[in-house]
Amino acid sequence: MAGRIDAGTPPRGTAGRPVAEAEAALVRHYRRLVRLAYLALPADRDRHSRVLAAHAAVQRALPSRWTLRDLLAEPVGPDEDPLYAALRQRVLRAALRPRPGERLLAPRVWGLRLFTPGGGEEDAALDRGLAGLDAPARAAFALVAVDGLTPPQAAAALRQAGSAEPDQAVERAERLRAGSEPGRPAFDPCAVRVQPTDLLRRRRAWGVSLGVVVLALTTTAAVLAGAGSGSGSDGGGAPAARPRSVPPAGTAPDPGRLVRTPADRWQHTARMDFSAWPARGDRRDDPALLGRALAAWAQPGPQTRAEPGTDAAPPQGAPHLLFAGTVDGAAVVVLYDGGRLARYTDGRGGGLDLARVDDAGVTTAAAVVLRRQGTSARYLLAPWIEAADLRRSDQPDAPAKPLERTDGVTAAAAAPATAASPGPLADCRGAAVLQLRSSPAIAEKHVFLLADLGGLVPAHLTYTPPPDRAQSAREPREAAGPDALQAWARGGCAVPDASPGVKQLSLWTFAVQQLPQNAGAASWVCLRADRWDGDGSAATAVLLPGARGPQRTGGGSGRACSRFEQDTVGWTWWRSPQGTEFLLAAGSRRVARIGVKGPDWTADRPAPDHTLAVERPTRAAVTVEAVLDGGTRIAPLH
C-alpha cells in the first residue's frame, strides 16, 4: 500500500547512512527538483535538450559522503529539510555554472524526442521572459515559484549557491513573476510527451553508415592490394580514385530528408491527422522547389505569416511533405512538422503561411487551403474524404452542390478573400461551407461541415440540440442534420470569434422558451469558438420569432459553454406583438431557479422549464442570477 513518507524520517534501512538518506530524499523530491532545474536552466535551447538537462542536473546532485557532510553544515531555514536544502543547492550550482562537459553525462534517448506539453500564449510569454533573464535571475524565479520561498530566503539560497548579486537577481525575477503561472504542465519536465524522430531519416542514416563502413573496408583493401603488388605512379595503371567526401549536414535544407507517407497509410493507422496524408501534387519530385520551401521555413523572414498562437520558428526534424504542385499558375508546397502546417507559395506575392494544427483529427485535419484568388479558394482534402459538396450556411433547405476534385485538389469554391476579412459567416450575410463525407473505412455515413474563416485550416462546425427532460445531457454532434442546418442558418452569425486560428465552432441550443401572449417559441443558444492554441470564447443569443438574425445577450473569453463549464443563463428585453414589454431569461438544463432584481422590484421564481418571463411597464437596468439544482449560483455572460 502506498503511503506518505515524512520528510524528516528516513526510509527503513537508511538510518545512519547519510548518502542513502540523501538518495531517498532525492527520489522523494525528484519532481520538485527537476521543475526547479527546468526553470533555472537556459530557456533558449529546444525543449528536448532542456528536459534531459533538467533530469541530468538533478541526478548528478546526489553528493558523496564527504561533500554531503559540508553541505549539511550550512544553515537552512527553520522549517526546511536539511537534506532537501543540500540537494537543492547542488542543483542550483549546476544551473548557475553549467559545464559543457556535463552534457556528455546527460541521459540519452534514442529514436524519441521528449517535450513538455505545449501551452498557450501565457506560457510562451513566460518562456520568452525566462530566456531574457540571466542564470541567477532564472534560479531566483524558480526558488520563489517552485519552492515558495520569500524573496529574502531566495536571495540567501542563491548566496549559498555562489551567486555574486543575489538580491538584484531576485528583483529581476520578481518583475517577471507578476501574473505568471509556472505551475502549468508546460513547465513540468516530468509530464512530458513523446514522439518518434524522423523514422525514414534514421533508416537512411543507418544505410549511409553501413555504406561508409563497406566503402572504407573496400578502399583499405584496394590500397593494401595496390601496395602489395608494387603498383605506383609509374606502374602503367590508372591512379586509384579517392572516394568523394560527404558535405557537412545542415549547410542547406535537404529535400531528400522530407518524410513521404505511403498513399494507403490512413487505412492502416489509428492516428488520423496530417501525418497520415500522402505527398501529392505534380511537383512533389521537384528538388529546387522543395528546397526553396524548406529554406523559407528554416529562415523566417518578412514574407513569413504566422496565425495567432502559432510559433514561427523553423521545424524541428524533417517535415512531412503533403503537397507540391502548380495551383492556378503558382507553385505551392504544403509541409507538416507534427504540430504546424506550412504553406509555401513561390514567386512574387507569395511567402510562407504557418498555422498550428496539433491534436488534429478526422474532421480538423480534413482540408487545407491551397490558394486564394479573389473571393474563391482551392482546398486540398484528406485522403479519407470520399465526397465533397458546397452549401450555403444561410440556405439550410437548399441541396448541397458537388465540389469537383482531382487528386485531392478541389475546384475553386467561394471563400473569404483574405485572412484580414473573415468573410460573411460572422456578419449574417451567409457563407459557403464545405460538406464532406468520410470513407466508410473511417465511419459509416459520417458527414460534417467545415467553415473557411480566412486562415490555412477551415474550422469544424458542431451542433448540440436542446435538452430533453427524459434524457441526460446531449452530446455535441455534426452540424449536417436538418435541425443543425436550421440552427446554424438562424444563429451562426452570433459566433464570438470567426478569425484564422479557430479550430472548432459549436452551437448549443440550451433552452426553448414558449413566449407570452401565444407569440411562439424562442430558442436560446450558446455559440463557442475554440482556437488551436487552447484559448476560447463564448456568446449567448436568443432567436426570436420573425427576427432576421440572432440577438446577442452576452459573451466573453474563457471556457463557458464547453464540456468544462456546461451551465449557463441568458436574458434580454422583448416587446410582444401587442406592445407589452417582457424580460425574458433562460438557463441550461440544471438551472432550477431564476432571479431578477430591478431598481425597485424583484422577481425570484422556480424555473421547472428553465425559463422566466416577467412583464414590466418599461425597460430598466437589472441583475439576473440563476440557481442550479445543487445550489450553485451562476450569472450571465457579459
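Values in this document were obtained by computation on a predicted structure and should not be read as measured data.

## Some thoughts on the overall build of the protein
Part 1 of the argument: Counting its regular elements, the protein contains 12 helices and 29 strands.
Part 2 of the argument: A total of 638 residues make up the protein; the buried ones form 48% of that total.
Part 3 of the argument: Taking the contacts inside the protein whose residues are at least 6 apart along the sequence as the reference set, 64% of them involve residues at least 24 apart.
Part 4 of the argument: Accessible surface, the protein as shown: approximately 32,100 Å² in total, 52% of it carbon and sulfur.

## So, the packing of aromatic side chains
Part 1 of the argument: For the structure shown, the criterion picks out four aromatic pairs.
Part 2 of the argument: Ring centres 5.7 Å apart and planes at 50° place the aromatic pair Phe274 and Tyr336 in the tilted group. With Phe274 in the loop between helix 10 (199-229) and helix 11 (287-298) and Tyr336 in strand 5 (residues 330-336), this pair connects stretches of sequence that are 62 residues apart. Of the two residues, Phe274 and Tyr336, both sit in the buried class.
Part 3 of the argument: What links up through ring pairs into an aromatic cluster is the set Phe274, Trp277 and Tyr336.
Part 4 of the argument: Lying across the ring of Tyr84, Arg32 places its NZ or CZ 4.1 Å from the centre.
Part 5 of the argument: Sitting above the plane of the Trp277 ring, Arg280 keeps its charged end 5.3 Å from the centroid.

## Focus: the pattern of salt bridges
Part 1 of the argument: Within this structure, the stated rule accounts for 24 salt bridges.
Part 2 of the argument: In this structure, Asp285 and Arg260 form a salt bridge, with 3.3 Å as the shortest nitrogen-oxygen distance. Separated by 25 residues along the polypeptide, Asp285 in the loop between helix 10 and helix 11 and Arg260 in the loop between helix 10 and helix 11 bring together distant segments of the chain.
Part 3 of the argument: Residue classification places Asp285 among the exposed residues on the basis of a relative accessible area of 63%.
Part 4 of the argument: With its nearest N and O atoms 3.3 Å apart, the salt bridge here joins Arg590 to Asp629. Residue Arg590 is located in the loop between strand 24 (581-587) and strand 25 (591-597), and its partner Asp629 is located in the loop between strand 28 (623-628) and strand 29 (633-634); the two are separated by 39 residues in the primary sequence.
Part 5 of the argument: In this structure Arg590 comes out as partly exposed when scored by relative accessible area, which is 32%.
Part 6 of the argument: Here Asp629 falls in the exposed class, since its relative accessible area comes to 55%.

## Remarks on the side chain of Thr572
Part 1 of the argument: Mapped onto the fold, Thr572 is located in strand 23 (residues 569-575).
Part 2 of the argument: Judged by relative accessible area, which is 6%, Thr572 ranks as buried.
Part 3 of the argument: Side-chain polar atoms of Thr572 contact the side chain of Gln551, separated by 2.4 Å.
Part 4 of the argument: When residues no more than four places from it in sequence are discounted, the contact partners of Thr572 are Trp524, Val542, Gln551, Thr553, Phe582, Leu583 and Leu584.

## Some points on a nonpolar patch on the surface
Part 1 of the argument: On the surface, a cluster of nonpolar side chains totalling about 200 Å² of accessible area is made up of Leu112, Val192 and Val194.
Part 2 of the argument: Structurally, the position occupied by Val192 is in the loop between helix 9 (166-177) and strand 2 (193-196).

## Things to note about the pairing of strand 26 (residues 602-606)
Part 1 of the argument: Note that strand 25 and strand 26 share five bridges and pair antiparallel. Residue pairing across strands places Arg593 opposite Pro606, the latter belonging to strand 26.
Part 2 of the argument: Remark: four residues form the turn of the hairpin made by strand 25 and strand 26, two consecutive strands paired antiparallel.

## Overview of the sheet that holds strand 23
Part 1 of the argument: Here we have three strands laid out as an open sheet, ordered 23-24-27, and antiparallel in their pairing. Two strands bound the open sheet, and with one partner strand each, they are strand 23 and strand 27 (611-615). Strand-to-strand, the axes of this sheet are offset by a mean angle of 15°, without reference to chain direction.
Part 2 of the argument: Sheet analysis places strand 23 next to strand 24, joined by seven bridges and oriented antiparallel. Considered in strand 24, the bridge of Val569 is made with Gly587.

## Some remarks on the sheet that holds strand 7 (residues 351-356)
Part 1 of the argument: Sheet architecture is open: five strands sit in the order 3-7-6-5-4, paired in mixed fashion. Looking at the sheet topology across the chains shown, the edges are occupied by strand 3 (304-306) and strand 4 (320-327). Across the sheet, the axes of successive neighbouring strands diverge by a mean angle of 15°, strand direction being ignored.
Part 2 of the argument: Where strand 3 lies against strand 7, three bridges are found, and the strand directions are parallel. Paired with Ala306 across the strands is Leu354, a residue of strand 7.

## Regarding the pairing of strand 23
Part 1 of the argument: The buried count for strand 23 comes to five of seven residues, which makes it a mostly enclosed element.
Part 2 of the argument: Connecting strand 23 to the next strand, strand 24, in antiparallel fashion are five residues, including Gly579 with a positive phi near 90°.

## Describing the state of the cysteines
Part 1 of the argument: One pass over the full model with this rule turns up one disulfide.
Part 2 of the argument: Here Cys526 connects covalently by a disulfide to Cys561, the sulfurs 1.9 Å from one another. Because the torsion about its S-S bond is 100°, the bridge between Cys526 and Cys561 counts as right-handed. With Cys526 in strand 20 (residues 521-531) and Cys561 in the loop between strand 22 (551-557) and strand 23, this pair connects stretches of sequence that are 35 residues apart.
Part 3 of the argument: Residue classification places Cys526 among the buried positions, given a relative accessible area of 1%.

## Focus on the packing of helix 7 (residues 135-146) against helix 8 (residues 151-160)
Part 1 of the argument: Taken N-terminus to C-terminus, the directions of helix 7 and helix 8 make an angle of 130°; their axes are 9 Å apart at the nearest point. With respect to their mutual orientation, helix 7 and helix 8 come out oblique. In terms of crossing hand, the pair formed by helix 7 and helix 8 is right-handed. Between helix 7 and helix 8, the contacting residues are Pro136, Ala139, Ala140, Leu143 and Val144 on the first element and Ala154, Ala157 and Leu158 on the second.
Part 2 of the argument: A per-class count over the contact of helix 7 with helix 8 returns eight nonpolar, no polar and no charged.

## Focus on the side chain of Asp533
Part 1 of the argument: Looking at the secondary structure, you find Asp533 in the loop between strand 20 and strand 21 (536-543).
Part 2 of the argument: The side chain of Asp533 is buried and forms no salt bridge, while Arg531, the nearest opposite charge, is found at 4.4 Å.
Part 3 of the argument: Within the local environment of Asp533, its side chain forms a polar contact with the backbone nitrogen of Asp535, the two atoms lying 3.0 Å apart.

## Let's talk about unusual backbone geometry
Part 1 of the argument: Notably, Gln517 is not glycine yet its phi reads approximately 60°, a positive angle.
Part 2 of the argument: By the element assignment, Gln517 lies in the loop between strand 19 (502-514) and strand 20.
Part 3 of the argument: With phi around 65°, Cys561 is a residue other than glycine that occupies positive phi space.
Part 4 of the argument: With a relative accessible area of 13%, Cys561 lands in the buried category.

## A word on the environment of Cys190
Part 1 of the argument: Its place among the elements puts Cys190 in the loop between helix 9 and strand 2.
Part 2 of the argument: Sequence separation of Cys190 and Tyr30 is 160 residues, and the distance between their C-alpha atoms is 9.1 Å.

Conventions and cut-offs
Every chain is numbered on its own, with residues counted from 1 as its sequence reads. Thresholds applied to this predicted model are a pLDDT of at least 70 for local features of residues and 80 or more for the giving and counting of side-chain atom pairs; totals over whole chains, interfaces and linings are not thresholded and use all residues. Only hydrogens and water are set aside; all other atoms, that is, all heavy atoms of the structure, feed into the side-chain values. Runs of E in the DSSP output that reach at least two residues are strands. Runs of H or I that reach at least four are helices, and both are numbered from the N terminus. Note on classification: 1.4 Å probe, protein chains only; a residue is buried when its accessible area is under 20% of the maximum for its type, exposed when over 50%, partly exposed between these limits. Any pair of residues with heavy atoms lying within 4.5 Å of one another is described as a contacting pair. Using a 1.4 Å probe, accessible areas were evaluated by the Shrake-Rupley method; residue-level cover was limited to the displayed protein chains. The aromatic pairing rule takes the rings of Phe, Tyr and Trp, using the six-membered ring of Trp, and pairs them if the centres are within 6.5 Å, calling planes under 30 degrees apart stacked, those over 60 edge-to-face and the rest tilted. Counted as over-ring charges are cases with an Arg CZ or a Lys NZ within 6 Å of the ring centre that also lie within 35 degrees of the ring normal. Put simply, a salt bridge is a Lys or Arg side-chain nitrogen that is within 4 Å of an Asp or Glu carboxyl oxygen. Here a polar contact means two N or O atoms within 3.5 Å. Within protein one must be a hydrogen donor candidate and the other an acceptor candidate, and residues neighboring in sequence count only if both atoms are side-chain atoms. Residues enter patches when their relative accessible area tops 30% and they take part in no salt bridge; the joining distance is 9 Å for like charges and 5 Å for the nonpolar side chains Val, Leu, Ile, Met, Phe, Trp and Tyr. Strand pairing is assigned whenever DSSP detects at least two bridges linking the two strands. Fitted lines through C-alpha atoms give the axes, limited to the stretch in contact for helices. The angle between two N-to-C directions lies from 0 to 180 degrees. By definition, disulfides here are pairs of cysteine sulfur atoms that lie within 2.5 Å. Here the word oblique covers every angle except those under 35 degrees (roughly parallel), over 145 (roughly antiparallel) and from 65 to 115 (roughly perpendicular). In a left-handed crossing the near helix is turned counterclockwise from the far helix by less than a right angle, and in a right-handed crossing that turn is clockwise. Under the scheme applied, nonpolar residues are Ala, Val, Leu, Ile, Met, Phe, Trp, Tyr, Cys and Pro; charged residues are Asp, Glu, Lys and Arg; polar residues are all the others, including Gly. In this charge count, Lys and Arg are treated as positive and Asp and Glu as negative; neither His nor the chain ends contribute.

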